[in-house]
Structure formats: structure tokens, C-alpha cells
Amino acid sequence: MEAAETGTGHARIETVLGPIAPAALGATLMHEHLLCDLTPPARRGQGLPEPEITLETIFDMGYRPGRYHGNHRLQDVALATREAAAFKADGGGAIVELTTGGIVPDPEGLAAIARGAGIHVVLGAGFYTENFLDAETLALSTEALTEITLGQLTEGAWGTKVRCGLIGEIGCSWPLTPFERRSLQSGARAQIATGAAITIHPGRDRAAPDEILDVLEAEGADLSRVVIGHMDRTLLDDADVVALARRGSIVEYDFFGIEHSNYWLGVVDIPNDWMRIRALRKLFDAGLGDRVVISHDICTRTRLQSLGGHGYGHILRNVVPLMRDRGFSQSEIDLLLLETPRRILTIGG
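Along each chain, the written sequence defines residue order, and numbers are assigned to residues from 1. For this predicted model, a pLDDT threshold of at least 70 governs which residues receive local features, and a threshold of 80 or more governs which side-chain atom pairs are given and counted, while totals over whole chains, interfaces and linings are taken from all residues. Only hydrogens and water are set aside; all other atoms, that is, all heavy atoms of the structure, feed into the side-chain values.

Visitor: Looking at this structure, I do not really get the overall build of the chain. What am I missing?
Guide: A run of H or I in DSSP counts as a helix once it spans at least four residues, and a run of E counts as a strand once it spans at least two, with each numbered from the N terminus. Looking only at helices and strands, one finds 12 helices and 12 strands in the chain. Computation of the radius of gyration draws on C-alpha atoms alone. For the globule rule, the value is 2.2 Å times the number of residues to the power 0.38. A globule of 349 residues ought to have a C-alpha radius of gyration of about 20 Å, and the chain, at 19 Å, matches this closely. Only protein chains enter the area calculation, which uses a 1.4 Å probe; residues under 20% of their type maximum are buried, those over 50% are exposed, and those in between are partly exposed. With 349 residues in all, the chain has 56% of them scored as buried. Residue contacts are defined here by distance: any two heavy atoms, one from each residue, within 4.5 Å place the two residues in contact. Here the analysis covers contacts within the chain between residues at least 6 apart in sequence; of these, 75% occur between residues at least 24 apart.

Visitor: Which parts of the structure should I look at to understand the sheet that holds strand 9 (residues 198-201)?
Guide: Whenever strands of a sheet pair, they do so through backbone hydrogen bonds, lying parallel or antiparallel. Two strands form a pair only when DSSP identifies at least two bridges running between them. With parallel pairing, 8 strands are arranged side by side in an open sheet as 3-6-7-8-9-10-11-12. Of all strands in the sheet, those bounded by a partner on one side alone are strand 3 (28-32) and strand 12 (292-294). Going from strand to strand, the sheet's axes swing by 25 degrees on average, the running direction of each strand aside. Pairing analysis gives 3 bridges linking strand 9 to strand 10 (residues 226-228), with the strands arranged parallel. To get an axis, fit a line to the C-alpha atoms, keeping to the stretch in contact for a helix; angles then go from 0 to 180 degrees between the N-to-C directions.

Visitor: So what exactly am I meant to see when it comes to the packing of helix 11 (residues 314-325) against helix 12 (residues 330-345) here?
Guide: The axes of two packed helices give the description: the angle between them and the distance between them. Running from N to C, helix 11 and helix 12 cross one another at 140 degrees; their axes reach a closest spacing of 10 Å. In terms of orientation, helix 11 lies oblique with respect to helix 12. Our pair here, helix 11 against helix 12, has a crossing hand that is right-handed. Across the interface between the two elements, I315, L316, V320, M323 and R324 of helix 11 pack against Q330, I333, L336 and L337 of helix 12. Three categories are distinguished: nonpolar for Ala, Val, Leu, Ile, Met, Phe, Trp, Tyr, Cys and Pro, charged for Asp, Glu, Lys and Arg, and polar for the others, with Gly belonging to the last. Residues of the contact of helix 11 with helix 12, tallied by class, amount to 7 nonpolar, 1 polar and 1 charged. For classification, angles of less than 35 degrees are called roughly parallel, those exceeding 145 degrees roughly antiparallel, those between 65 and 115 degrees roughly perpendicular, and all remaining angles oblique. If you view the pair so one helix is near and one far, a crossing is left-handed when the near helix is turned anticlockwise from the far one by less than a right angle, and right-handed when it is turned clockwise.

Visitor: Looking at this model, I keep getting lost on the side chain of T28. Mind explaining?
Guide: Note that T28 resides in strand 3. Two N or O atoms count as a polar contact when they lie within 3.5 Å, although within protein this holds only if one can serve as hydrogen donor and the other as acceptor, and sequence-adjacent residues are included solely when both atoms are side-chain atoms. A polar contact of 2.7 Å, which involves the side chain of T28, links it to the backbone oxygen of G26. Apart from residues lying up to four places away in sequence, T28 is in contact with A94, V96, I294, L337, P341 and L345.

Visitor: I'm lost on the pairing of strand 7 (residues 120-125) in this one. Help?
Guide: Along strand 7, 6 of the 6 residues are buried, which leaves the element largely enclosed by surrounding structure. Every second residue of strand 7 is oriented toward a common face, with H120, V122 and G124 on one face and V121, L123 and A125 on the other, all of them buried.

Visitor: Would you take a moment to explain the pattern of salt bridges for this structure?
Guide: Oppositely charged side chains can form a pair if their charged atoms are brought close together. A carboxyl oxygen of Asp or Glu within 4 Å of a side-chain nitrogen of Lys or Arg is what we treat as a salt bridge. For the coordinates displayed, the defined rule picks out 18 salt bridges. Taking the shortest distance from any N to any O, the salt bridge between R181 and E211 comes out at 3.5 Å. Taken together, the positions of R181 in helix 6 (residues 178-194) and E211 in helix 7 (residues 208-218) put the pair 30 residues apart, joining distant regions of the chain. Note on E211: relative accessible area 22%, which makes it partly exposed. With its nearest N and O atoms 2.8 Å apart, the salt bridge here joins D240 to R206. Here D240, found in helix 9 (residues 238-246), pairs with R206, found in the loop between strand 9 and helix 7; they are 34 residues apart in sequence, far enough to count as distant. For R206, a relative accessible area of 57% translates into the label exposed. It is possible to trace a salt-bridge network through shared partners that takes in D210, D214, E217 and R247.

Visitor: Help me out: how do you make sense of the pairing of strand 11 (residues 250-253) in this one?
Guide: A regular strand places its side chains so that they alternate between the two faces of the sheet. Residues I250 and E252 of strand 11 are buried on one face, and the alternating residues V251 and Y253, pointing to the opposite face, are buried as well. Here strand 10 runs beside strand 11; their pairing, made up of 2 bridges, is parallel. Counted as the bridge partner of V227 is I250 from strand 11. Looking at chain direction, strand 11 and strand 12 are connected through 3 bridges and run parallel. Counted as the bridge partner of E252 is V293 from strand 12.

Visitor: Would you explain unusual backbone geometry in this entry?
Guide: Where the residue is not glycine, phi is negative for most of them; where a peptide bond is considered, it is trans in most cases. Each neighbour pair has its own omega, and for G168 with E169 the value is 20 degrees, a cis peptide bond. On the secondary structure map, E169 appears in strand 8 (residues 166-171). Going from W174 to P175, the amide bond is cis rather than trans, its omega being -5 degrees. One can find P175 in the loop between strand 8 and helix 6.

Visitor: Teacher, can you tell me more about helix 9 here?
Guide: Structurally, the α-helix is built with 3.6 residues per turn, so residues lying three or four positions apart point the same way. Every buried residue of helix 9 is accounted for by D240, V241, V242, L244 and A245. Lining the buried residues of helix 9 we find helix 7, strand 10, helix 8 (231-234), strand 11 and helix 10 (273-285). Put simply, D237 is the residue that caps the front of helix 9, since its side-chain oxygen is 2.9 Å from the backbone nitrogen of A239. Looking one or two places after helix 9, you find G248, whose phi comes out positive at around 125 degrees.

Keep in mind that these numbers describe shape and distance, not what the molecule does.
Structure follows, in C-alpha cells:
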């Protein structure tokens, strides 16, 4: 899929194949990984065995993904292209790919996937959490980080000519480290300079989202163009999510398809898909339906459809019918999957 002709001064969405008209976007997943490596840096390159995914192992590997070396490494372009093509066959139009610095972004690989699968892919700029970054990166000033992020948005990312279309996922821990605070500040400055949206990986604490918004707001960021991800494991009280959306940011439920209780990074009461749908209903009923987006955050092999998982088409194939069963109208579903992503990702105009 090649990008449509659109001038950089006009309203556009920047994809890995170039700018497109916003109307061309289609149903959009706002938080995914097609190519990434979330293996802890200390375990990379150690020659550790990678267990095969079989009928006998897939449940345990999916239930305890952190125990199985290689499960968090998605670097097979052909496999990712097949998965993205399956998403398109389910009615998908675009995937927002948020593999940022530290977890091995591959812009040219993403361009090959977009072209081969016939979908739009929008790449995020910036850096992941501190524990995935090297000492040289951690020493960068806010000004240097801003310059890097601006270059990724306007010139090309990670030594390529492939441009990013939004900022993030900016990785944040709890509590914020000094580097992560500078990373947020640089994201705000890059947003002001370009108009691009920001998307955030918050720390795992109830206070984390508001602290992050405080940092961004102090730098002059437009909070209506800030997405706070991972509501599924961060704010477990629906009232807290509603309050965060009322502050002006976009909230994101991005663990759709994770239907088990074990969270590999800590003790969290992870909701299932029906519980996520119920949370969405509360946001819509509060008049905040235009401040929420959804996705799967696929970052393990065991969640790929080719390897026995639900794949990138799960929301379109399975969740949308559940939403209809529970009273969501087509206009509400379109707002969630088409209109709000289009608004967030549009730059200029």
C-alpha cells in the first residue's frame, strides 16, 4: 500500500510509507507492536534457548510469558506481514506501532510489512523506559532528546528515511526517573513544534497518569492530544479512568485479548474483555466517548494468530460483536475505531 499524495502543509497522517489523507485511515489499532524486542537487555545475545510454541506449551507460555526466552522478540518480517494481512482481512485499516528506542525499532521492516500486507502503519518516536536504555541515551539532555524526536518526525527514524507519525510510547516507570521526566518534557516540546500526538506507557501506580500529565502540562503540551495507555493494569477503578478522561487526555484500554488473571509484571487484577467493554460503556455514558481508544498491545509470539493466539484482528472479529450484544451502536463503535484515532493521528490542517 503506497501513501496517497498529500502536501505536508495540509491535514495528513504520517505513515511509514509517507503521508495519507486522514479519511484513508480505516479501522485503527492505537497501540501495537509488529516488530520489537522486549527481552530484558541483560538476557539479549546470550544464546539462550527459545522454547517452541506447541499445543502442549502455548497456554503456559501465554500465561507466564516472561519465563520463556524469545517470546517477547518479534523480529520476523514475513510472519508480521502475514499477521497484518490477517488483520486487514478482518476489516482492519491501520496499526499504530509503538516500538520506541530501547526495544529495537525497525522502521524499514515496518515499511515492508505495510507494503506487503496492504495496511497503514504509523510509527511512534522517542524512547521506552529507562531499564531498556543504554548509558549514552540516559545521559541525554531534554534539548538533545527533543532534537532526536523532532528528527524522527520530520526527517526519518533510527537512521532511515521512514518518518514517525506520533510521539511515543514514551516509557515511564514508577516513580519517574530523571531521564523519563526529560523524555516527557522532550515529547511535549516536540508536540508543540509539530502538532503530533503523544502516547504514554505509564508507571504501574494509580498516581502515575496524573503525575505524567502534570509534567506534560507544565511544558505546554496539549493534553487533548495525549493518550495514556494501559488503563487495564493502571487504573482499576472505573471512576479514576473517567476522572482522567475529564482532565482532557485520551484514555486507552489496550490489553484486549488478554483473558487470564496472571500479569507477568506484577500482581494486578487484570480485567477480561467483557470488563473492558463495561468500562468503555461508563466512559460513553459519562459523555466521554471521544476520549477513549482501544488496542491489544501485542508484544509476544503467543498472541499471534499464526502461532495459536488471537492476533491483531481480535477486536474487529470478536470484541465488536460483543459490544453490539451489549448495546453499543454502530456510531459509537465507529467513534472508537475510526473517528477518534483519525483525530488523534491527524497532523496539520
